[in-house]
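Topology and contacts: notes
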Amino acid sequence: MFNIRHILLVTFVYCLSMTSAYSLDFNDVKKSLKNIKGTAVLPGTDMMVITLKTGETLMMSKNGHYLVRNGEILDMWNKMVIKSFADVDKSTLIDLKKLRINIKELSTYTMGKGKSEVTIFVDPVDCRYGTKLLSQIPINKIKVNLVLLPIINKKSSMISRAIVCAKYTPAEVFSIIRECKWKSIPEKTDCSSLPLQKALVTAKIIGVKSVPNTLFSDGRLLKGSGKNVMQKIRSFY
């Protein structure tokens, strides 16, 4: 299994680096986050309490998306102050480019045709929901970025690493998941696990906690393989 503590640490550091890249009205936030004295996680939440050397106390979501400061809720990804429910809805949209996440650097296998594309996070040992979702997608109508995300169990990590090391083609990886053929894959670890580690960090940042999860080009993220997911995928044909 991958070291979860290491992944969480990398995620936190990466989130701070994204936050510090913002300017305009967020300049003061950028400067303040360079003077962190200490952090602590609020029990039972996804929020952290951050104390600064200046004596100021802030609250920030673990993925760096939201920051509470001086009574204001700041969306650090979209550089906006949340003042209404409409703003909350806008803040849930995910733009990987804005987050400086290069999908090609993850454990990604791209296949399909079409002007629109979707990014699907899957675990290769998920022979239920992942298999169901991929079996319904006509790749001749839409481009699919399939990202291996080993989060189910230890076997997930072993098989995902073996797939990456064996350098399977996108078509072969799609087939492995659609037809649940992971048991026939021999163990192989003679390559870098960095793409998988980046996929795990990305999942932490954007809030992917289960598989499959589908990220659409309009920024919406939907989990599972239900009718609502397929209906939205079809709307992009």
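Procedures and definitions
- Residues numbered from 1 in each chain as written.
- Predicted model: local features only at pLDDT ≥ 70, side-chain atom pairs only at ≥ 80, totals over all residues.
- Heavy atoms only, no water.
- Helix = DSSP H or I, 4+ residues; strand = E, 2+ residues; numbered from the N terminus.
- Contact = heavy atoms within 4.5 Å.
- Areas by Shrake-Rupley, 256 points an atom, 1.4 Å probe, with all protein chains shown as cover.
- Core = buried A, V, L, I, M, F, W, Y, C linked by side-chain atoms within 4.5 Å.
- Buried < 20%, exposed > 50% of the residue type's maximum accessible area, 1.4 Å probe, protein only.
- Disulfide = S-S within 2.5 Å.
- Pairing = 2+ DSSP bridges.
- Axes fitted to C-alpha atoms, helices over the stretch in contact; angles between N-to-C directions.
- Polar contact = N/O pair within 3.5 Å; in protein donor to acceptor, adjacent residues only side chain to side chain.
- Parallel < 35°, antiparallel > 145°, perpendicular 65-115°, else oblique.
- Nonpolar A, V, L, I, M, F, W, Y, C, P; charged D, E, K, R; others polar.

**Notes on the overall build of the chain**
Along the chain, the regular secondary structure elements total eight helices and 11 strands. In the chain, once contacts between residues fewer than 6 apart in sequence are set aside, the share between residues at least 24 apart is 64%. Here the chain has roughly 12,600 Å² of accessible surface; of this, 54% comes from carbon and sulfur atoms.

**What about the nonpolar core?**
One finds Ile120, Ile137, Leu146, Leu148 and Ile233 to be the most contacted residues of the largest nonpolar core, which totals 28 residues. Put simply, the parts of the chain that give this core at least two residues each are β8 (117-122), α4 (129-136), β9 (143-148), α5 (154-166), α6 (170-178) and α8 (227-234). If we skip the residues at most four places from it in the chain, Ile137 touches Ile120, Ile142, Val144, Met230 and Ile233. The next biggest cluster of nonpolar side chains, apart from the first, holds 19 residues, and it includes Ile94, Leu149, Ile205 and Val211.

**A short note on the state of the cysteines**
Here the structure, examined in full by the defined rule, presents two disulfides. Each sulfur in the disulfide pair Cys127 and Cys180 lies 1.7 Å from the other. Handedness of the Cys127-Cys180 disulfide follows from its S-S torsion of about 75°: it is right-handed. Placement of Cys127 in the loop between β8 and α4 and of Cys180 in the loop between α6 and α7 (194-206) is noted, with a sequence separation of 53 residues between them. Between Cys165 and Cys191 runs a disulfide, and the two sulfur atoms are separated by 2.0 Å. Here the disulfide of Cys165 and Cys191 is left-handed, its torsion about the S-S bond being about -85°. With Cys165 in helix α5 and Cys191 in the loop between α6 and α7, this pair connects stretches of sequence that are 26 residues apart. For Cys165, a relative accessible area of 8% corresponds to the buried category.

**Here we look at the sheet that holds strand β3 (residues 57-61)**
Within a sheet, adjacent strands bond to each other through the backbone by hydrogen bonds, running parallel or antiparallel. Ordered by their spatial adjacency, six strands build an open sheet running β1-β2-β3-β4-β5-β6, and the pairing between neighbours is antiparallel. The outermost strands of the open sheet, each flanked by one partner alone, are β1 (36-41) and β6 (80-82). Going across the sheet, the axis of each strand differs from the next one's by a mean of 30°, ignoring polarity. Pairing between β1 and strand β2 (residues 47-52): five bridges, direction antiparallel. Its bridge partner being in β2, Gly38 is matched across the sheet by Thr51.

**Examining unusual backbone geometry**
Here Val211 and Pro212 are connected by a cis peptide whose omega angle stands at -5°. With respect to the secondary-structure elements, Pro212 resides in the loop between α7 and β10 (213-216). At Arg100, a residue that is not glycine, the phi angle is positive and equals roughly 60°.

**Comments concerning the sheet that holds strand β11 (residues 221-223)**
Read from one edge of the open sheet, five strands run β7-β9-β8-β10-β11, paired in mixed fashion. Each end of this open sheet is capped by a strand with a single partner; those strands are β7 (108-111) and β11. The average undirected angle you get between the axes of adjacent strands in this sheet is 20°. In this sheet, β9 lies alongside β7 in antiparallel orientation, the contact comprising four bridges. When the sheet's bridge partners are listed, Tyr109 is paired in β9 with Leu146.

**Some remarks on the environment of Thr92**
Structurally, the position occupied by Thr92 is in the loop between α3 (85-91) and β7. Here Thr92 falls in the partly exposed class, since its relative accessible area comes to 36%. On a C-alpha basis, the gap between Thr92 and Trp77 in space is 9.7 Å, while along the polypeptide they are 15 residues apart. Apart from residues no more than four positions distant in its own chain, Thr92 is found in contact with Tyr66, Gly219 and Arg220. Within polar-contact distance, the side chain of Thr92 engages the backbone oxygen of Asp89 at 2.6 Å.

**Focus on the packing of α4 against α6**
Where α4 meets α6, the axes come as close as 8 Å, and the angle between the chain directions of the two elements is 125°. Classified by the interaxial angle, the pair formed by α4 and α6 is oblique. Of the residues in α6, those in contact with Gly130, Thr131, Leu134 and Ser135 of α4 are Phe174, Ile177 and Arg178. Class assignment of the residues belonging to the contact of α4 with α6 gives a composition of three nonpolar, three polar and one charged.

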